[in-house]
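# Structural overview
As a plain string of letters, each chain reads:
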Amino acid sequence: MPESTPRTTLVTTKSALREHRAAMDGTVAAVLTMGSLHAGHLALVERARELADHVILTDFVNPLQFGPGEDYEAYPRDLEADLALVDGLVDLVFAPGVEEMYPGGTPRVWVRTGEMGSVLEGTSRPGHFDGVATVVTKLLSLVRPDHAYFGQKDAQQVAILRRVVSDLDLPVDIVSAPIVRAADGVAESSRNARLSAAEREQAVALSQALFALQDGASREKAEAQLASSPGVTVDYLTVVDPATLEPVDAQHRPALALVAAHVGPVRLIDNLVLEA
Ligand code: PAF
(Lines give C-alpha, C1' and ligand atoms only; values in the text may rest on other atoms or scores of the structure.)
Protein backbone atom coordinates (compact mmCIF):
# COMPACT_ATOMS: atom_id res chain seq x y z
CA MET A 1 0.00 0.00 0.00
CA PRO A 2 1.39 3.49 -0.84
CA GLU A 3 2.31 5.57 2.21
CA SER A 4 -0.20 8.35 2.78
CA THR A 5 1.09 11.93 3.27
CA PRO A 6 0.37 13.22 6.77
CA ARG A 7 -2.29 15.93 6.63
CA THR A 8 -1.76 19.43 7.90
CA THR A 9 -3.34 20.42 11.20
CA LEU A 10 -5.13 23.76 11.46
CA VAL A 11 -5.14 25.56 14.80
CA THR A 12 -6.61 28.95 15.57
CA THR A 13 -5.81 29.44 19.24
CA LYS A 14 -2.55 30.10 21.02
CA SER A 15 -3.20 27.31 23.52
CA ALA A 16 -3.71 24.70 20.77
CA LEU A 17 -0.58 25.94 19.03
CA ARG A 18 1.45 25.60 22.23
CA GLU A 19 0.11 22.09 22.78
CA HIS A 20 1.03 20.90 19.26
CA ARG A 21 4.39 22.66 19.39
CA ALA A 22 5.27 20.99 22.71
CA ALA A 23 4.63 17.58 21.11
CA MET A 24 7.09 18.23 18.24
CA ASP A 25 10.47 16.50 18.47
CA GLY A 26 13.47 17.75 16.50
CA THR A 27 13.86 21.10 14.77
CA VAL A 28 11.04 23.43 13.80
CA ALA A 29 10.97 25.98 10.99
CA ALA A 30 8.40 28.76 10.78
CA VAL A 31 7.11 30.40 7.63
CA LEU A 32 5.28 33.57 8.68
CA THR A 33 2.70 34.85 6.20
CA MET A 34 -0.37 37.00 5.87
CA GLY A 35 -2.05 34.29 3.81
CA SER A 36 -2.99 34.65 0.11
CA LEU A 37 -0.33 32.03 -0.43
CA HIS A 38 1.46 31.89 -3.78
CA ALA A 39 4.49 30.26 -5.39
CA GLY A 40 6.87 32.51 -3.41
CA HIS A 41 5.48 31.19 -0.12
CA LEU A 42 5.67 27.61 -1.40
CA ALA A 43 9.35 28.14 -2.21
CA LEU A 44 9.88 29.24 1.42
CA VAL A 45 7.99 26.16 2.64
CA GLU A 46 10.13 23.97 0.39
CA ARG A 47 13.36 25.41 1.86
CA ALA A 48 11.99 25.13 5.38
CA ARG A 49 11.19 21.45 4.81
CA GLU A 50 14.77 20.85 3.69
CA LEU A 51 16.20 22.27 6.91
CA ALA A 52 13.84 21.28 9.70
CA ASP A 53 11.95 18.25 10.97
CA HIS A 54 8.68 20.20 11.29
CA VAL A 55 7.26 23.24 9.53
CA ILE A 56 4.70 25.60 11.04
CA LEU A 57 3.10 28.19 8.76
CA THR A 58 1.36 31.18 10.29
CA ASP A 59 -1.47 32.80 8.36
CA PHE A 60 -2.53 36.09 9.92
CA VAL A 61 -3.37 39.44 8.37
CA ASN A 62 -1.83 41.75 10.96
CA PRO A 63 -3.78 44.97 11.41
CA LEU A 64 -0.86 46.67 13.20
CA GLN A 65 1.18 46.93 10.01
CA PHE A 66 -1.48 48.74 7.96
CA GLY A 67 -1.64 52.52 8.17
CA PRO A 68 -4.82 54.58 7.98
CA GLY A 69 -6.15 54.47 4.42
CA GLU A 70 -4.17 51.32 3.57
CA ASP A 71 -5.92 48.20 2.36
CA TYR A 72 -6.34 46.22 5.63
CA GLU A 73 -10.06 45.60 5.11
CA ALA A 74 -9.64 44.79 1.42
CA TYR A 75 -6.58 42.59 1.94
CA PRO A 76 -7.42 39.20 0.35
CA ARG A 77 -8.23 36.40 2.81
CA ASP A 78 -8.96 32.83 1.74
CA LEU A 79 -7.93 30.37 4.44
CA GLU A 80 -9.47 27.40 2.63
CA ALA A 81 -7.40 28.05 -0.50
CA ASP A 82 -4.28 28.57 1.64
CA LEU A 83 -4.86 25.26 3.43
CA ALA A 84 -5.38 23.44 0.15
CA LEU A 85 -2.06 24.79 -1.14
CA VAL A 86 0.04 23.68 1.82
CA ASP A 87 -1.87 20.56 2.83
CA GLY A 88 0.64 17.79 3.49
CA LEU A 89 3.57 20.21 3.01
CA VAL A 90 3.57 21.76 6.48
CA ASP A 91 2.78 20.10 9.80
CA LEU A 92 0.65 22.87 11.16
CA VAL A 93 -1.06 26.09 10.10
CA PHE A 94 -1.66 28.67 12.82
CA ALA A 95 -4.43 31.01 11.68
CA PRO A 96 -5.63 33.05 14.65
CA GLY A 97 -8.28 35.74 14.51
CA VAL A 98 -7.45 39.31 15.49
CA GLU A 99 -9.15 38.84 18.91
CA GLU A 100 -6.94 35.83 19.61
CA MET A 101 -3.74 37.71 18.73
CA TYR A 102 -4.70 41.03 20.32
CA PRO A 103 -7.32 40.20 22.99
CA GLY A 104 -7.15 43.66 24.57
CA GLY A 105 -7.28 45.49 21.24
CA THR A 106 -4.26 47.37 19.94
CA PRO A 107 -1.33 46.50 22.22
CA ARG A 108 0.14 49.19 24.45
CA VAL A 109 3.65 47.82 24.09
CA TRP A 110 5.15 47.62 20.62
CA VAL A 111 8.55 46.72 19.24
CA ARG A 112 9.90 50.02 17.93
CA THR A 113 12.16 49.86 14.90
CA GLY A 114 13.43 53.46 15.08
CA GLU A 115 15.47 54.80 12.22
CA MET A 116 15.62 51.39 10.45
CA GLY A 117 11.84 51.40 10.13
CA SER A 118 11.42 55.01 9.09
CA VAL A 119 13.74 55.08 6.04
CA LEU A 120 13.21 53.67 2.52
CA GLU A 121 9.80 51.90 2.44
CA GLY A 122 9.10 53.33 5.92
CA THR A 123 9.08 56.88 4.52
CA SER A 124 5.75 56.31 2.84
CA ARG A 125 4.44 53.81 5.47
CA PRO A 126 5.04 55.31 8.92
CA GLY A 127 4.59 52.69 11.66
CA HIS A 128 4.48 49.79 9.21
CA PHE A 129 7.72 48.17 10.36
CA ASP A 130 6.82 48.64 14.05
CA GLY A 131 3.65 46.65 13.30
CA VAL A 132 5.67 43.96 11.51
CA ALA A 133 8.30 43.75 14.28
CA THR A 134 5.61 43.54 16.97
CA VAL A 135 3.62 40.73 15.36
CA VAL A 136 6.73 38.79 14.34
CA THR A 137 8.07 38.97 17.90
CA LYS A 138 4.73 37.62 19.17
CA LEU A 139 4.59 34.87 16.54
CA LEU A 140 8.19 33.80 17.21
CA SER A 141 7.46 33.68 20.91
CA LEU A 142 4.38 31.50 20.28
CA VAL A 143 5.85 29.18 17.65
CA ARG A 144 9.38 28.98 19.15
CA PRO A 145 10.97 27.94 15.84
CA ASP A 146 14.65 27.18 15.36
CA HIS A 147 14.56 28.89 11.95
CA ALA A 148 12.18 31.49 10.53
CA TYR A 149 11.91 32.03 6.77
CA PHE A 150 11.35 35.31 4.93
CA GLY A 151 11.70 36.37 1.30
CA GLN A 152 14.73 38.54 0.51
CA LYS A 153 12.50 40.56 -1.86
CA ASP A 154 11.41 42.51 1.25
CA ALA A 155 15.02 43.25 2.17
CA GLN A 156 14.22 46.04 4.63
CA GLN A 157 11.83 43.73 6.52
CA VAL A 158 14.51 41.02 6.66
CA ALA A 159 17.19 43.48 7.86
CA ILE A 160 14.87 44.82 10.57
CA LEU A 161 13.82 41.34 11.72
CA ARG A 162 17.46 40.23 11.94
CA ARG A 163 18.02 43.25 14.16
CA VAL A 164 14.96 42.51 16.30
CA VAL A 165 16.26 38.99 16.87
CA SER A 166 19.80 40.12 17.72
CA ASP A 167 18.82 43.17 19.81
CA LEU A 168 16.19 41.24 21.80
CA ASP A 169 18.26 38.01 21.99
CA LEU A 170 15.50 35.89 20.48
CA PRO A 171 16.71 32.29 20.05
CA VAL A 172 15.88 31.91 16.37
CA ASP A 173 17.84 31.94 13.15
CA ILE A 174 16.39 34.23 10.44
CA VAL A 175 16.78 32.70 6.99
CA SER A 176 16.14 34.77 3.88
CA ALA A 177 15.28 33.02 0.65
CA PRO A 178 16.88 34.57 -2.44
CA ILE A 179 14.89 36.63 -4.93
CA VAL A 180 13.68 34.64 -7.92
CA ARG A 181 14.58 36.44 -11.18
CA ALA A 182 13.35 35.96 -14.72
CA ALA A 183 15.96 35.36 -17.43
CA ASP A 184 16.14 39.12 -18.15
CA GLY A 185 16.90 39.86 -14.46
CA VAL A 186 13.47 41.19 -13.42
CA ALA A 187 12.56 40.11 -9.87
CA GLU A 188 9.45 37.94 -9.77
CA SER A 189 6.53 39.76 -8.17
CA SER A 190 2.78 39.40 -8.33
CA ARG A 191 2.77 43.09 -9.34
CA ASN A 192 4.56 42.28 -12.63
CA ALA A 193 1.24 40.92 -13.91
CA ARG A 194 -0.04 44.51 -13.95
CA LEU A 195 2.68 45.63 -16.40
CA SER A 196 1.98 45.86 -20.13
CA ALA A 197 4.44 44.04 -22.43
CA ALA A 198 6.27 47.35 -23.06
CA GLU A 199 6.40 48.20 -19.34
CA ARG A 200 7.66 44.70 -18.54
CA GLU A 201 10.63 45.42 -20.85
CA GLN A 202 11.19 48.81 -19.20
CA ALA A 203 11.23 47.14 -15.77
CA VAL A 204 14.54 45.46 -16.68
CA ALA A 205 16.22 48.81 -15.91
CA LEU A 206 15.77 48.31 -12.15
CA SER A 207 17.81 45.13 -11.88
CA GLN A 208 20.30 46.53 -14.41
CA ALA A 209 20.93 49.45 -12.04
CA LEU A 210 21.57 47.01 -9.17
CA PHE A 211 23.93 44.89 -11.29
CA ALA A 212 25.78 48.07 -12.38
CA LEU A 213 26.37 48.85 -8.68
CA GLN A 214 27.61 45.31 -8.13
CA ASP A 215 30.03 45.86 -11.03
CA GLY A 216 31.45 48.99 -9.38
CA ALA A 217 29.41 51.87 -10.88
CA SER A 218 28.94 54.90 -8.63
CA ARG A 219 25.48 55.36 -7.14
CA GLU A 220 25.07 58.66 -9.01
CA LYS A 221 25.92 57.07 -12.36
CA ALA A 222 23.60 54.10 -11.80
CA GLU A 223 20.81 56.43 -10.70
CA ALA A 224 21.28 58.77 -13.68
CA GLN A 225 21.12 55.79 -16.01
CA LEU A 226 18.01 54.45 -14.32
CA ALA A 227 16.33 57.89 -14.34
CA SER A 228 16.94 58.20 -18.07
CA SER A 229 15.38 54.79 -18.80
CA PRO A 230 12.12 55.19 -20.71
CA GLY A 231 8.98 54.75 -18.60
CA VAL A 232 10.83 54.63 -15.26
CA THR A 233 10.28 57.14 -12.41
CA VAL A 234 12.83 56.54 -9.67
CA ASP A 235 11.74 56.68 -6.05
CA TYR A 236 15.13 55.70 -4.63
CA LEU A 237 18.30 53.86 -5.59
CA THR A 238 20.56 53.53 -2.61
CA VAL A 239 23.39 51.47 -1.13
CA VAL A 240 23.21 50.74 2.60
CA ASP A 241 24.89 48.77 5.33
CA PRO A 242 22.89 45.49 5.51
CA ALA A 243 22.97 45.47 9.33
CA THR A 244 21.90 49.07 10.00
CA LEU A 245 20.36 50.29 6.71
CA GLU A 246 22.56 53.40 6.97
CA PRO A 247 23.79 54.72 3.61
CA VAL A 248 27.30 53.68 2.64
CA ASP A 249 29.53 54.37 -0.33
CA ALA A 250 28.59 52.30 -3.39
CA GLN A 251 32.02 50.64 -3.28
CA HIS A 252 31.51 49.44 0.33
CA ARG A 253 31.24 45.64 0.73
CA PRO A 254 29.23 43.84 1.91
CA ALA A 255 26.37 46.20 1.19
CA LEU A 256 22.75 46.10 0.18
CA ALA A 257 21.60 47.97 -2.91
CA LEU A 258 17.90 48.80 -2.98
CA VAL A 259 15.73 50.33 -5.64
CA ALA A 260 12.10 51.46 -5.80
CA ALA A 261 10.63 52.93 -8.96
CA HIS A 262 7.36 53.37 -10.79
CA VAL A 263 7.06 51.64 -14.14
CA GLY A 264 3.77 52.62 -15.71
CA PRO A 265 1.11 52.34 -12.99
CA VAL A 266 3.12 49.93 -10.84
CA ARG A 267 5.59 50.65 -8.05
CA LEU A 268 8.31 48.00 -8.10
CA ILE A 269 11.02 47.26 -5.54
CA ASP A 270 14.15 45.19 -5.95
CA ASN A 271 17.46 44.70 -4.15
CA LEU A 272 20.81 42.98 -4.42
CA VAL A 273 23.33 42.00 -1.76
CA LEU A 274 26.67 43.40 -2.96
CA GLU A 275 29.32 40.88 -2.07
CA ALA A 276 33.04 41.59 -1.84
O1 PAF B 1 5.88 39.63 4.97
C2 PAF B 1 4.76 39.43 5.48
O3 PAF B 1 3.93 38.72 4.92
C4 PAF B 1 4.40 40.08 6.81
O5 PAF B 1 4.99 41.34 6.92
C6 PAF B 1 4.75 39.21 8.03
C7 PAF B 1 6.25 39.01 8.15
C8 PAF B 1 4.06 37.86 7.93
C9 PAF B 1 4.27 39.89 9.32
O10 PAF B 1 2.89 40.07 9.33
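Everything in this summary refers to the structure shown in the same document.

What counts and how
- Residues numbered from 1 in each chain as written.
- Predicted model: local features only at pLDDT ≥ 70, side-chain atom pairs only at ≥ 80, totals over all residues.
- Heavy atoms only, no water.
- Pairing = 2+ DSSP bridges.
- Helix = DSSP H or I, 4+ residues; strand = E, 2+ residues; numbered from the N terminus.
- Axes fitted to C-alpha atoms, helices over the stretch in contact; angles between N-to-C directions.
- Contact = heavy atoms within 4.5 Å.
- Near = heavy atom within 4 Å.
- Polar contact = N/O pair within 3.5 Å; in protein donor to acceptor, adjacent residues only side chain to side chain.
- Areas by Shrake-Rupley, 256 points an atom, 1.4 Å probe, with all protein chains shown as cover.
- Parallel < 35°, antiparallel > 145°, perpendicular 65-115°, else oblique.
- Nonpolar A, V, L, I, M, F, W, Y, C, P; charged D, E, K, R; others polar.
- Buried < 20%, exposed > 50% of the residue type's maximum accessible area, 1.4 Å probe, protein only.
- Arc of directions from axis to C-beta.
- Salt bridge = Lys/Arg side-chain N within 4 Å of Asp/Glu carboxyl O.

### Observations regarding the sheet that holds strand β8 (residues 255-263)
- Here we have three strands laid out as an open sheet, ordered β7-β8-β9, and antiparallel in their pairing. What marks the edges here is a single partner per strand, and that holds for β7 (232-240) and β9 (266-274). On average, adjacent strands in this sheet sit at an angle of 10° to one another, irrespective of strand direction.
- Note: β7 against β8, eight bridges, orientation antiparallel. Bridge pairing in β8 places valine 232 opposite valine 263.
- Together, β7, β8 and β9 form the strand contacts of helix α10 (residues 204-214), whose direction differs from that of β9 by roughly 20°.

### Side note on the site of the ligand
- Lining the immediate environment of the ligand, one finds Leu32, Thr33, Met34, Gln65, Val132, Val135, Val136, Phe150 and Gln157.
- At 2.6 Å, a side-chain N or O of glutamine 65 approaches an oxygen atom of the ligand.
- Contact between the ligand and glutamine 157: an oxygen atom at 2.8 Å from a side-chain N or O atom of the residue.
- The fraction of the free accessible surface of the ligand (290 Å²) that becomes covered by protein chains is 88%.

### Some points on the packing of helix α1 (residues 14-22) against helix α7 (residues 128-143)
- One way to put it is that α1 packs onto α7 with a least axis distance of 9 Å and a crossing angle of 45°. Considering their axes alone, α1 and α7 lie oblique with respect to each other. Two secondary-structure elements touch here, α1 through Lys14, Leu17, Arg18 and Arg21 and α7 through Lys138, Leu142 and Val143.
- Residues that form the contact of α1 with α7 fall into these classes: three nonpolar, no polar and four charged.

### Details of unusual backbone geometry
- In this structure, proline 254 follows arginine 253 across a cis peptide bond, with omega equal to -5°.
- Counting through the fold element by element, proline 254 comes out in the loop between β7 and β8.
- At leucine 120, a position not held by glycine, the phi torsion is positive, near 50°.
- As for its placement among the helices and strands, leucine 120 is situated in the loop between α5 (114-118) and α6 (121-124).
- You will see that arginine 144, though not glycine, has its phi angle at about 50°, which is positive.
- Position of arginine 144 relative to the elements: it lies in the loop between α7 and β5 (147-151).
- Residue classification places arginine 144 among the partly exposed residues on the basis of a relative accessible area of 45%.

### Side note on α1
- Of all the positions in α1, only Lys14, Leu17 and Arg21 are classed as buried. Burial along α1 is one-sided: seen end-on, the buried residues are contained in an arc of 60°. Those residues of α1 that are exposed and aimed more than 90 degrees away from the buried face are Glu19 and Ala22.
- Packing partners of the buried residues in α1 comprise β1 (9-11), β2 (28-33), β3 (54-59), β4 (92-94), α4 (98-101) and α7.

### Concerning the pattern of salt bridges
- Per the stated rule, a full pass over the model turns up nine salt bridges.
- For the salt bridge of arginine 125 with glutamate 70, the shortest nitrogen-to-oxygen distance reads 2.8 Å. Of the two residues, arginine 125 sits in the loop between α6 and α7 while glutamate 70 sits in the loop between β3 and α3 (79-86), which places them 55 residues apart along the sequence.
- Residue classification places arginine 125 among the partly exposed residues on the basis of a relative accessible area of 26%.
- Between aspartate 235 and arginine 267 there is a salt bridge whose closest N-O contact spans 2.8 Å.

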